[in-house]
Each structure stands twice: as structure tokens, then as C-alpha cells.
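# A look at the structure
What follows is the residue order along each chain.
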Amino acid sequence: GFQILPVAVFLGALVAGTVLARRGELLAMQAGGMSTLRQAVPMGLVAAVITLSAVWAGDHWMPGALERAETIRLEKLNKPSALHRFFSRRAHWFRHDELMLHLPVMDQEQGGFRGPTVYRVREGEIIEVLTAHTLQYEKDDWVLTNVERYKPGVREAERMKLYRLALGVEPEDLMGIAGNPKHLKRADIELLIERRERAGMDVTAHRLEVHQRVSLPVASLWMFLLALPWALLPERRRSMAMVLGAGVVAVAVLLSG
């Protein structure tokens, strides 16, 4: 319903205007000296209330409703949606400057990772590979333990007990980057975007979700303004089918964009 709101407002304005015209009410108002602007104001107020309500509901009511619907799906059907699986999967690869990190196993107890591999890439070439037993966050620094370092052209690996990595990220930046943005408020999505960007993750879907929370309701207002000239035509014989047929073209243009 939230996504098709612009279409609903557009068609609603057309239908309401056509019904008023066929009953002769628009003609009567104009014959009584009422201006077109005054006729449009009540309908505009309704469209504005719908737009503002949708902005509020899209950020406060809709995320919780979608999350509850997904919970019911998991509890009753034991089958998560494809969108939930996509956003909830934990990424294993992270990029930071010239470092590429592969972190296959998260250590929930210690707050780190087990079996990490670090690739140092410079100008498209791997100049160093580090394999370790664990990657831990200690005193504002990341530390690899039981490290083997490999370099191009060197057969033997260099072994070290500890190796400190200069990563400008917090543990939450690497661990807390999953989650469906449709289940979050806009402020929480923006925080998630910051974390994913610091971890070198794609944020396109998350940014789209942030913009859609406002763009869809605002599109409803623009679609209402587009329908208004047709809605206020006083012609009593106009056909509902003709009006809706013309409206379908505008809806197709909106959806194709």
C-alpha cells in the first residue's frame, strides 16, 4: 500500500472529480461564482494529510509491521523471505584502504574472528598475504594472533605471534552491518550505511530505502497536482472509462521511472 500510494492518490482524485462533475456539483459551484482554486483547496488538504501521514507511517509504523510479518513467516512457515535472506546474510569480505579481509567465522564470545586472511593490495597487485588464528580488537587496535606472512617471490612464510593491523573501524563496523533496512527507521538505516561504508560494503539498497521513505509520499502530492486539472473539469458527460484510461498512461510513466 505504501508503494502504490502515488497511484492511489492519482486515481482517487480522478474518480472523485469525475463523480462530482457527473452529478453537476462542479458546474453548480462554478455557476455560484466559486473559483477553481477554492474548489481545489479541500482536495489539496486531503492529499497533503495523506502525504504527511504516509511520511510518518513509513518511518514509524511500516518498519515494525514488516518486521512482525517476517517474524510470523519464520515462526509459522519456517521459511524466511528472499529479501530477508539477502539483507540478513553476514558478509565475509571487507575492504579498508589497501587491505582486503576475509573473516569467515565470527567469535561471539571474544568479539573477534577466527581463521582470518588479510590481503594487502597495491595498484592491483597482491603484495602481502597474512593468515592468522584469530583477529581480536584490543585497546582501540586490531591484533592478529599466530600469524604467517607470505610475500611474492619468497617461499618460506614469516611467522609471528602477534601482528597489529591499522584498521580505522570499530568491532560494530565489521559485525553489525547486516539487517533488513525495511525493518529499521531512517535514523537507524543512516547509521547502518555509515558502518557498511567504513567496512567497504555496498549501500545502494540502503540508500534507496532511505530516499523512498520520503520520495513515495511526495510523489503522491505531485500525482495529485497532475490529476487536478482533469478532476475539476465541469463536463457532466465525461466518461469514467476515458478518464481512467488517460490516467493509466500517467501511472505507467510513474512506474517506469
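Just so you know, these numbers come straight off a predicted model, no measurement behind them.

## Notes on the overall build of the protein chain
Within the protein chain one finds nine helices and nine strands. Against the 2.2 N^0.38 benchmark of 18 Å for 257 residues, the protein chain shows a C-alpha radius of gyration of 28 Å, more extended than a compact globule. Dimensions of the protein chain, computed from the C-alpha atoms along their principal axes, are close to 95 × 45 × 30 Å. Counting every position in the protein chain, which comprises 257 residues, the buried fraction comes to 36%. Pairs at least 24 residues apart make up 53% of the contacts formed inside the protein chain by residues separated by at least 6 positions. In the structure as shown, the protein chain presents an accessible area of about 15,500 Å², 59% of it carried by carbon and sulfur atoms. Within the protein chain, one finds 32 positive and 28 negative side-chain charges whose respective centroids are separated by 10 Å.

## Brief notes about the packing of aromatic side chains
Per the stated rule, a full pass over the model turns up two aromatic pairs. On the basis of an interplanar angle of 70 degrees and a centroid distance of 6.3 Å, the ring pair of Phe-10 and Trp-230 is categorised as edge-to-face. Residue Phe-10 is found in helix 1 (residues 5-22), and its partner Trp-230 is found in helix 8 (residues 204-231); the two are separated by 220 residues along the sequence.

## So, unusual backbone geometry
Non-glycine residue Glu-123 carries a positive phi angle of around 55 degrees. When you line up the elements, Glu-123 lands in the loop between strand 5 (117-122) and strand 6 (125-131). Since its relative accessible area comes to 82%, Glu-123 is described here as exposed.

## A look at the nonpolar core
In terms of nonpolar packing, the biggest core is built from 24 residues, with Phe-10, Met-43, Phe-224 and Leu-232 touching the most fellow members. Looking at this core, the elements with two or more residues in it are helix 1, helix 3 (36-60), helix 8 and helix 9 (240-256). Here the element with the most residues in this core is helix 1; it accounts for seven residues. Here Leu-232 is in contact with Leu-26, Gln-30, Thr-36, Gln-39, Ala-40 and Met-43, once residues within four sequence places are set aside. Leu-103, Leu-144, Val-147 and Met-160 belong to the second-largest nonpolar core, a separate cluster that totals 20 residues.

Reading the values: rules and limits
- Residues numbered from 1 in each chain as written.
- Predicted model: local features only at pLDDT ≥ 70, side-chain atom pairs only at ≥ 80, totals over all residues.
- Heavy atoms only, no water.
- Helix = DSSP H or I, 4+ residues; strand = E, 2+ residues; numbered from the N terminus.
- Rg over C-alpha atoms; globule rule 2.2 N^0.38 Å.
- Buried < 20%, exposed > 50% of the residue type's maximum accessible area, 1.4 Å probe, protein only.
- Contact = heavy atoms within 4.5 Å.
- Areas by Shrake-Rupley, 256 points an atom, 1.4 Å probe, with all protein chains shown as cover.
- Lys, Arg positive; Asp, Glu negative; His and termini not counted.
- Charge placed at Lys NZ, Arg CZ, Asp CG, Glu CD.
- Phe/Tyr/Trp six-rings, centres within 6.5 Å; stacked < 30°, edge-to-face > 60°.
- Core = buried A, V, L, I, M, F, W, Y, C linked by side-chain atoms within 4.5 Å.

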